[in-house]
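So you can see what is in the structure, the chains are spelled out below.
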Amino acid sequence: QVQLVESGGGSVQAGGSLRLSCVASGRTFSDYPMGWFRQAPGKERVFVGSITYGGGSTYYSDSVKGRFTISRDNAKNTVYLQMNSLKSEDSAVYSCATPKDRGIAAQAVGDLYPSSLYWGQGTQVTVSS
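Residues numbered from 1 in each chain as written. Predicted model: local features only at pLDDT ≥ 70, side-chain atom pairs only at ≥ 80, totals over all residues. Heavy atoms only, no water.

(A) Structural detail: the side chain of Thr-52. Following the sequence through the fold, Thr-52 ends up in the loop between β5 (46-51) and β6 (58-60). Accessibility expressed as a relative area gives 17% for Thr-52, which makes it buried. Those residues within four positions of Thr-52 in sequence are excluded, and the remaining contacts are Pro-33, Ser-57, Tyr-59, Arg-72 and Ala-106. (Helix = DSSP H or I, 4+ residues; strand = E, 2+ residues; numbered from the N terminus. Buried < 20%, exposed > 50% of the residue type's maximum accessible area, 1.4 Å probe, protein only. Contact = heavy atoms within 4.5 Å.)

In C-alpha coordinates, the structure reads:
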(Lines give C-alpha, C1' and ligand atoms only; values in the text may rest on other atoms or scores of the structure.)
Protein backbone atom coordinates (compact mmCIF):
# COMPACT_ATOMS: atom_id res chain seq x y z
CA GLN A 1 0.00 0.00 0.00
CA VAL A 2 1.49 3.29 -1.11
CA GLN A 3 1.51 6.06 1.46
CA LEU A 4 2.54 9.68 0.96
CA VAL A 5 3.03 12.00 3.91
CA GLU A 6 3.64 15.71 3.43
CA SER A 7 5.14 18.11 5.93
CA GLY A 8 6.62 21.58 6.08
CA GLY A 9 3.56 23.72 5.56
CA GLY A 10 2.86 26.79 7.63
CA SER A 11 2.37 30.52 7.56
CA VAL A 12 4.82 32.91 5.96
CA GLN A 13 4.83 36.51 4.82
CA ALA A 14 4.82 37.41 1.17
CA GLY A 15 8.29 37.22 -0.27
CA GLY A 16 9.30 34.45 2.10
CA SER A 17 10.18 30.83 1.53
CA LEU A 18 9.02 27.40 2.62
CA ARG A 19 10.18 23.89 1.84
CA LEU A 20 7.67 21.09 1.72
CA SER A 21 8.60 17.44 2.01
CA CYS A 22 6.76 14.31 0.98
CA VAL A 23 7.88 10.92 2.22
CA ALA A 24 6.70 7.89 0.29
CA SER A 25 6.43 4.26 1.33
CA GLY A 26 4.95 1.05 0.05
CA ARG A 27 6.81 0.55 -3.21
CA THR A 28 10.10 1.37 -4.95
CA PHE A 29 10.11 5.16 -4.81
CA SER A 30 12.75 5.62 -7.50
CA ASP A 31 10.65 3.82 -10.13
CA TYR A 32 8.01 6.54 -10.39
CA PRO A 33 7.74 10.25 -11.12
CA MET A 34 6.36 12.51 -8.43
CA GLY A 35 4.12 15.54 -8.64
CA TRP A 36 2.95 18.43 -6.50
CA PHE A 37 -0.55 19.90 -6.68
CA ARG A 38 -2.34 22.62 -4.77
CA GLN A 39 -5.90 23.57 -4.00
CA ALA A 40 -6.96 26.99 -2.81
CA PRO A 41 -10.27 27.49 -0.96
CA GLY A 42 -13.19 27.35 -3.36
CA LYS A 43 -11.01 26.42 -6.31
CA GLU A 44 -10.09 23.26 -8.14
CA ARG A 45 -6.89 21.41 -7.45
CA VAL A 46 -4.19 22.37 -9.93
CA PHE A 47 -0.85 20.99 -11.00
CA VAL A 48 2.23 22.72 -9.58
CA GLY A 49 5.04 20.64 -10.96
CA SER A 50 6.59 17.22 -11.34
CA ILE A 51 9.91 15.44 -11.39
CA THR A 52 11.16 12.40 -13.25
CA TYR A 53 11.85 9.16 -11.38
CA GLY A 54 15.58 9.84 -11.44
CA GLY A 55 15.27 13.52 -10.64
CA GLY A 56 16.98 14.64 -13.81
CA SER A 57 14.10 16.69 -15.19
CA THR A 58 11.42 18.86 -13.70
CA TYR A 59 8.27 20.49 -15.07
CA TYR A 60 6.36 23.43 -13.65
CA SER A 61 3.17 25.34 -14.15
CA ASP A 62 3.65 28.86 -15.45
CA SER A 63 2.39 30.33 -12.20
CA VAL A 64 5.32 28.95 -10.18
CA LYS A 65 8.09 28.68 -12.77
CA GLY A 66 11.22 30.44 -11.59
CA ARG A 67 10.04 30.56 -7.96
CA PHE A 68 9.47 26.92 -7.04
CA THR A 69 11.91 24.03 -7.33
CA ILE A 70 11.15 20.33 -7.08
CA SER A 71 13.84 17.87 -6.10
CA ARG A 72 14.00 14.34 -4.78
CA ASP A 73 16.25 12.16 -2.70
CA ASN A 74 15.62 8.57 -3.72
CA ALA A 75 17.75 7.26 -0.87
CA LYS A 76 15.30 8.90 1.55
CA ASN A 77 12.13 8.19 -0.47
CA THR A 78 11.43 11.90 -0.31
CA VAL A 79 10.42 14.60 -2.76
CA TYR A 80 10.73 18.29 -1.94
CA LEU A 81 9.05 21.47 -3.04
CA GLN A 82 11.16 24.56 -2.39
CA MET A 83 8.98 27.64 -2.63
CA ASN A 84 10.60 31.06 -2.85
CA SER A 85 9.24 34.55 -3.39
CA LEU A 86 5.88 33.42 -2.10
CA LYS A 87 2.78 35.41 -2.95
CA SER A 88 -0.62 35.53 -1.29
CA GLU A 89 -2.06 33.66 -4.27
CA ASP A 90 0.19 30.71 -3.44
CA SER A 91 -1.89 30.05 -0.32
CA ALA A 92 -3.40 26.59 -0.66
CA VAL A 93 -3.29 23.01 0.52
CA TYR A 94 -0.32 21.38 -1.17
CA SER A 95 -0.38 17.67 -1.93
CA CYS A 96 2.16 15.33 -3.42
CA ALA A 97 1.06 12.57 -5.75
CA THR A 98 2.47 9.73 -7.80
CA PRO A 99 1.03 7.63 -10.62
CA LYS A 100 -0.42 4.28 -9.72
CA ASP A 101 0.88 2.73 -12.93
CA ARG A 102 4.42 2.34 -14.14
CA GLY A 103 5.66 3.99 -17.31
CA ILE A 104 3.96 7.35 -16.85
CA ALA A 105 6.12 10.27 -17.93
CA ALA A 106 6.68 13.04 -15.41
CA GLN A 107 5.35 15.67 -17.80
CA ALA A 108 2.08 13.74 -17.98
CA VAL A 109 1.46 13.64 -14.22
CA GLY A 110 -0.52 16.87 -14.29
CA ASP A 111 -2.90 15.50 -16.93
CA LEU A 112 -3.83 12.27 -15.15
CA TYR A 113 -7.23 11.69 -13.63
CA PRO A 114 -7.04 12.02 -9.84
CA SER A 115 -8.04 8.37 -9.51
CA SER A 116 -4.88 7.41 -11.42
CA LEU A 117 -2.68 8.88 -8.69
CA TYR A 118 -1.83 8.08 -5.10
CA TRP A 119 -2.24 11.17 -2.94
CA GLY A 120 -0.89 12.49 0.31
CA GLN A 121 -3.15 14.14 2.85
CA GLY A 122 -1.89 17.62 2.04
CA THR A 123 -0.25 20.40 4.00
CA GLN A 124 -1.53 23.95 4.39
CA VAL A 125 0.51 26.89 3.16
CA THR A 126 -0.69 30.36 4.06
CA VAL A 127 1.03 33.45 2.66
CA SER A 128 0.11 36.77 4.20
CA SER A 129 0.67 40.05 2.41
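(B) Examining the packing of aromatic side chains more closely. For the structure shown, the criterion picks out two aromatic pairs. Where Phe-37 meets Phe-47, the ring centres are 5.6 Å apart and the plane angle is 70°; that geometry is what we call edge-to-face. With Phe-37 in strand β4 (residues 34-39) and Phe-47 in strand β5, the pair connects residues that are 10 residues apart, well separated along the chain. The ring of Tyr-32 is capped by Arg-27, whose NZ or CZ atom sits 3.3 Å from the centre of that ring. Lying across the ring of Phe-29, Arg-72 places its NZ or CZ 4.3 Å from the centre. (Phe/Tyr/Trp six-rings, centres within 6.5 Å; stacked < 30°, edge-to-face > 60°. Lys NZ or Arg CZ within 6 Å of the ring centre and 35° of its normal.)

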